[in-house]
Amino acid sequence: MRCASWAWSSKITSIQSAAPFSGAAFLACLYPQLIFRNVPVRSRIVVGMSKSLLLSALLGLTLNPAALAQTTAPTTSTTAQSTPALTPQAALTRLATAMKVNASWFVPAFASALPQVAGGFQGFTSQFGALQGVDDLGSNQYRLRYAGGTVTVETQLNAAGQFTSLFLRGQQASVPTVSTQSAPNSASLTPQAALTRLFSAKMLSPDWFSADFLSQVPAAQLAPILATASSGLGAFQSVEPGPNGTFTARFAQGTLSVNLASLDAQGRFTGLLLGAGVPTQKPNLAEAVAAFGKLAGQSSVVVIENGKTVGSLSPDSKLAVGSAFKLGILAELLAQVKTGQHQWSEVTTLQAGDKALPSGFLQTWPDNAPLTVQTLATLMISQSDNTATNVLLRLVGRDGVGQRLGLGAVPSTRDLFALKNPANKALLDAYLKGNDTQKRAVLAQAATAPLPSVGLFAGDAVVSPQLEWFVPVTTLCALMNEVAVLPLMQVNSGVADPSLFKTVSFKGGSEGGVLNFTTQVTTNDGRTVCLSATGNDSKPIDQNAFAGAYSKLLQAVR
């Protein structure tokens, strides 16, 4: 399950286009949105780069570089058994071409990060093709040359040839369709002039962006992201400055807010945050709903205003919804808090059996770490933390959650990962063939079954699509209506631009072939509107098209 926010930054990646966690880049979470995410949100492009980025898994959607959490291993450790000393180039070549990463290639402190490292390098191969060579750039930096691009890392080895540190410094796809000619006098550009050039250009140049920016947002993604952000707004006209360093890009049929535009001394973008596009005329709701029927795969949509359905497309279809199922856990938790069974300030502990693959980060925390129920719920919703989800599911029990979701058996996120592991195929087969009672028995076995490598899900791969949480959009809106009042629901606003509504509550979900956005807004004229849309396909979802359609849905009810 993945998150639902798009940002480009060494810490957070968010893309919001009038459509967000979106455009051509979907980083479903605010943190490494690996396998299960909450789903992208808005058309913003945020890029604020830190100097050192730990290599992490690239299980992104359209935007492949996942959020990179920084963790440097100590420079001393025990020696790997029978591992001859390697040069960094040889060690990187071995790592980049290996079918399976060996823990002995790293010092022990890397243990918790190995799944991300493995997934990251598999993601590079998926994105750029076969490795062709490794170049020594000096100062412990190396360039990995792939068939379709390059990846620059900084690394050090100990005397035994083990990695003691590994940082991603940049990546660049080979993009023949993007111009490589820089505009003259770029160093003297103001942000307003740089934005004018950006929105008016027929072809973008990578030279308009800093190396750090491009390390997180490949050049090939820039044009699609900007196209999504300005979709339906017509021809570009001008950029006008606003308060506090903001700008408004005016188009023939609407406007696009620019909340941040920072440049370096060479006039290159180092940060860029786009708000949602606002068309001059609101889209027609019926047409906005019907647009989902033209997307590939299956779609299900419902729009409920003040308790009444005002738009729908196959609203009762039970499609896979990814992390959006977590709304059922939160609704059950809220009910139990109201009856006094639990309290938001209650402290519980993280157990080994709770730990799943990302999105989120609690899987890296030590066993028995104390956490409040409030913290766990906030992480489950805003960052789609899969481990936090499992703690809460254990706390509230599966029966009540299953009743709310209409499911006879409710897998945890760990269960789902384990059952999708090819090594556990017998368990998967038994689960799919069983009735609800038999399914629950299989889940008890799956709780201790081995997890797969994150690389299994690289490139938004569709893995065992028959195993998921299948929930109608009408049910998701009903659950959202129960929990939308909670402040934690408004931490991550998803695809909606909060400036256009009084309140925005959001939860999304996605994995390969699955995408859901569920949002409840309070409009400026006081209406309460829930919009839930799910897309399923046998191949990766066209996230740009889906997010664009959902953005128009939001615009139609604002």
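Presented here is a report on the structure given in the accompanying data block.

### Points about the overall build of the protein chain
Consideration 1: From N to C terminus, the protein chain includes 15 helices and 22 strands.
Consideration 2: Sorting the 558 residues of the protein chain into buried and exposed places 58% on the buried side.
Consideration 3: On the protein chain, roughly 20400 Å² of surface is accessible, and the fraction owed to carbon and sulfur atoms is 53%.

### Things to note about the sheet that holds strand E13 (residues 269–279)
Consideration 1: Read across the sheet, 4 strands follow the order E10-E11-E12-E13 without closing on themselves; strand pairing throughout is antiparallel. Each of the sheet's edge strands pairs with one partner strand only, and the pair in question is strand E10 (236–241) and E13. Looking at each pair of strands side by side, their axes are set apart by 25° on average, direction ignored.
Consideration 2: Relative to strand E12 (residues 254–263), strand E11 (residues 247–251) runs antiparallel, the two sharing 5 bridges. Opposite Arg 250, over in E12, you have Thr 255 as the bridge partner.

### Observations concerning the packing of helix H11 (residues 413–420) against helix H13 (residues 436–446)
In a packed pair of helices, the relevant descriptors are the angle between the two axes and the axis-to-axis distance.
Consideration 1: Between H11 and H13, the least distance of the axes is 9 Å, while the angle of their chain directions is 85°. In terms of orientation, H11 and H13 fall into the roughly perpendicular class. Between H11 and H13, the residues in contact are Arg 414, Asp 415, Ala 418 and Leu 419 and Val 442, Leu 443 and Ala 446, respectively.
Consideration 2: A per-class count over the contact of H11 with H13 returns 5 nonpolar, no polar and 2 charged.

### Overview of the pairing of strand E20 (residues 503–511)
Consideration 1: Summarising burial for E20: 8 of the 9 residues are buried, a large majority.
Consideration 2: Judged from the 9 bridges that link them, E20 and strand E21 (residues 514–522) form a sheet pairing that is antiparallel. Bridge pairing in E21 links Phe 506 to Thr 519.
Consideration 3: If you look at the hairpin formed by E20 and E21, you'll find 2 residues sitting between the two strands, and Gly 513 has a positive phi there, around 80°.

### Some words on the packing of aromatic side chains
Consideration 1: With the rule as written, the count across this model stands at 13 aromatic pairs.
Consideration 2: Between Phe 236 and Phe 251, the aromatic rings sit 5.6 Å apart at their centres with planes inclined by 70°, giving edge-to-face as the arrangement. With a gap of 15 residues between them, Phe 236 in strand E10 and Phe 251 in strand E11 connect regions that are remote in the sequence. In this structure, Phe 236 and Phe 251 share a single accessibility class: buried.
Consideration 3: Judged by centre distance (5.7 Å) and plane angle (45°), the rings of Phe 517 and Phe 546 are tilted.

### Topic: the pattern of salt bridges
Consideration 1: Taken as a whole and assessed by the stated rule, the structure comprises 14 salt bridges.
Consideration 2: Arg 145 is the salt-bridge partner of Asp 135, the closest N and O atoms lying 2.7 Å from each other. Of this pair, Asp 135 sits in strand E6 (residues 131–138) while Arg 145 is found in strand E7 (residues 141–146), placing the two residues 10 residues apart along the sequence.
Consideration 3: Look at Arg 145 and you get partly exposed, because its relative accessible area is 30%.
Consideration 4: The salt bridge involving Glu 305 is made with Arg 527; its shortest N-O contact spans 3.2 Å.

### With respect to the state of the cysteines
Consideration 1: In total, this model carries 1 disulfide according to the counting rule given.
Consideration 2: For Cys 477, the disulfide goes to Cys 530, at an S-S distance of 2.1 Å. Here Cys 477 and Cys 530 share a disulfide; its torsion about the S-S bond, -90°, makes the bridge left-handed. Of this pair, Cys 477 sits in helix H14 (residues 473–483) while Cys 530 sits in strand E22 (residues 528–536); the two residues are 53 residues apart in sequence, bridging distant segments of the chain. Just as Cys 477 is buried, Cys 530 falls in that class too.

### Structural notes on helix H8 (residues 373–382)
Each α-helix turn comprises 3.6 residues. Residues three or four places apart therefore point the same way.
Consideration 1: The element H8 is largely enclosed, with a buried count of 8 among its 10 residues.
Consideration 2: Taken together, the buried positions of H8 are Val 373, Leu 376, Ala 377, Thr 378, Leu 379, Met 380, Ile 381 and Ser 382.
Consideration 3: Of the residues flanking the end of H8, it is Ser 384, one or two places downstream, whose phi is positive at about 55°.

### A short note on unusual backbone geometry
Consideration 1: Note that the residue after Pro 358, namely Ser 359, is joined by a cis bond; omega there is 25°.
Consideration 2: Tracing the backbone through its elements, the reader meets Ser 359 in the loop between strand E17 (347–349) and strand E18 (370–372).
Consideration 3: A positive phi angle is found at Asn 306, which is not glycine, with a value near 50°.
Consideration 4: Locating Asn 306 in the fold gives a position in the loop between strand E14 (298–305) and strand E15 (308–313).
Consideration 5: The exposure class assigned to Asn 306 is exposed, which follows from its relative accessible area of 52%.

Cut-off values and rules
Residues numbered from 1 in each chain as written. Predicted model: local features only at pLDDT ≥ 70, side-chain atom pairs only at ≥ 80, totals over all residues. Heavy atoms only, no water. Helix = DSSP H or I, 4+ residues; strand = E, 2+ residues; numbered from the N terminus. Buried < 20%, exposed > 50% of the residue type's maximum accessible area, 1.4 Å probe, protein only. Areas by Shrake-Rupley, 256 points an atom, 1.4 Å probe, with all protein chains shown as cover. Pairing = 2+ DSSP bridges. Axes fitted to C-alpha atoms, helices over the stretch in contact; angles between N-to-C directions. Parallel < 35°, antiparallel > 145°, perpendicular 65-115°, else oblique. Contact = heavy atoms within 4.5 Å. Nonpolar A, V, L, I, M, F, W, Y, C, P; charged D, E, K, R; others polar. Phe/Tyr/Trp six-rings, centres within 6.5 Å; stacked < 30°, edge-to-face > 60°. Salt bridge = Lys/Arg side-chain N within 4 Å of Asp/Glu carboxyl O. Disulfide = S-S within 2.5 Å.

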